[in-house]
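Coordinate inspection notes
Next come the chains, spelled out residue by residue.
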Amino acid sequence: MTQTGQHDWAPQIERLQTWRAELLARTTQIDRELDRVLDRDMEDQAIQTEHRDVAEKLGAVGLREIRAIDAALERIKAGEYGICRVCGGDISPERLLAVPTTTECRDCAQSHAAKARNMASRGH
Ligand SMILES: [Zn+2]
C-alpha cells in the first residue's frame, strides 16, 4: 500500500470477489435448476429442450464472467490492472467501477465497437 506508483486496488478486489461469489452462486443454482428440469417427466420435449438451452447459455455466460474476473484479479496482482492493453493509457476509475473486468480504455473500446459495427453493416 505504501509502494510508490501503485494503486490501492483493495476496494476493487473486494468488488470483484463479491461479484465472483454471486456469479458462482447463480451458476450453481442454474446447474441445480438444470438437473431438476431434466429429472422431471415432461410431456412437452420442445419446452424442456428450450429451457435447458437457456439455462446452459446462462451458465456459460456466468462462467465466462468468472474467468474475466479471475483475469482482472491476476492483472491487479501483476500490476497491469487499469492500463489499456491497446494504447497503454490509463483506464478511467469511473470506467473501472462500471466495468471492473475491462481491459481497454473507453476510447479504444469505442473504436473497437465502431469497427465491429462497420464490418457488420458492410456485410450486404
Ligand atoms: Zn486505450
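Residues numbered from 1 in each chain as written. Predicted model: local features only at pLDDT ≥ 70, side-chain atom pairs only at ≥ 80, totals over all residues.

**Focus: the overall build of the chain**
Applied cut-off: Secondary structure elements follow DSSP: runs of H or I no shorter than four residues count as helices, runs of E no shorter than two count as strands, and numbering proceeds from the N terminus. Counting other C-beta atoms within 10 Å of a residue's C-beta gives its exposure: the residue is buried at 20 or more, exposed at 12 or fewer, and partly exposed in between, where C-beta atoms are placed from the backbone. C-beta atoms are placed from the backbone for every residue, and two residues are taken to be in contact when these atoms lie within 7 Å.
Helix and strand counts for the chain come out as four helices and zero strands. Ordered by position from the N terminus, the helices and strands of the chain form the series α-α-α-α. When each of the 124 residues of the chain is scored for burial, the buried share is 9%. Summarising the internal contacts of the chain: among those between residues at least 6 apart in sequence, 50% fall at separations of at least 24.

**Observations regarding the UniProt feature "domain: Zinc finger DksA/TraR C4-type" (unreviewed entry) in the chain**
The cut-off we apply is this: UniProt positions are given in the numbering used here, feature names are shortened, and annotations may be inferred rather than shown by experiment.
Taking the UniProt record as the reference, the feature "domain: Zinc finger DksA/TraR C4-type" (unreviewed entry) is found at residues 79–112. Secondary structure across residues 79–112 comprises 38% helix and 0% strand; the distance between its end C-alpha atoms is 24 Å.

**Digging into the UniProt feature "zinc finger region: dksA C4-type" (unreviewed entry) in the chain**
According to UniProt, the feature "zinc finger region: dksA C4-type" (unreviewed entry) maps to residues 84–108 in the numbering used here. Split by type, residues 84–108 is 36% helix and 0% strand. Its first and last C-alpha atoms lie 8 Å apart.

**Digging into the nonpolar core**
Stated precisely, the cut-off is as follows: The term nonpolar core refers to a set of buried Ala, Val, Leu, Ile, Met, Phe, Trp, Tyr and Cys residues connected through C-beta atoms within 7 Å.
Membership of the largest hydrophobic core is limited to five residues, which are W9, L16, I69, A72 and Y81. Setting aside anything within four residues of it in sequence, one finds A72 in contact with L16, Y81, P100 and T101.

**Points about helix α2 (residues 45–78)**
Stated formally: By this rule, a helix spans an expected 1.5 Å times one less than how many residues it contains.
Between its first and last C-alpha atoms α2 spans 49 Å; for 34 residues at 1.5 Å apiece the expected length is 50 Å, and the two agree. Every buried residue of α2 is accounted for by A55, G62, I69 and A72. One or two steps after α2, the chain reaches G79, where phi turns positive at roughly 80°.

**Let's talk about the environment of C84**
Note on placement: C84 falls in the loop between α2 and α3 (93–98). By the C-beta count within 10 Å, which is 18 here, C84 ends up partly exposed. In the structure, C84 is positioned 22 residues away from R106 in sequence and 8.9 Å away in space, judged by C-alpha atoms. If we skip the residues at most four places from it in the chain, C84 touches G89, I91, E104, C105 and C108.

**Some thoughts on helix α4 (residues 106–122)**
For α4, with 17 residues, the first-to-last C-alpha span of 24 Å sits near the 24 Å given by 1.5 Å per residue. Burial analysis of α4 places just zero of its 17 residues in the buried class, which makes it a mostly uncovered element.

**Describing the environment of V86**
One can find V86 in the loop between α2 and α3. Contact partners of V86, with chain neighbours within four places excluded, come to E104 and C108.

**Overview of the environment of R85**
Secondary-structure assignment places R85 in the loop between α2 and α3. Separated by 17 residues in the primary sequence, R85 and T102 place their C-alpha atoms 9.7 Å from one another. Setting aside chain neighbours within four positions, we find R85 in contact with T103 and E104.

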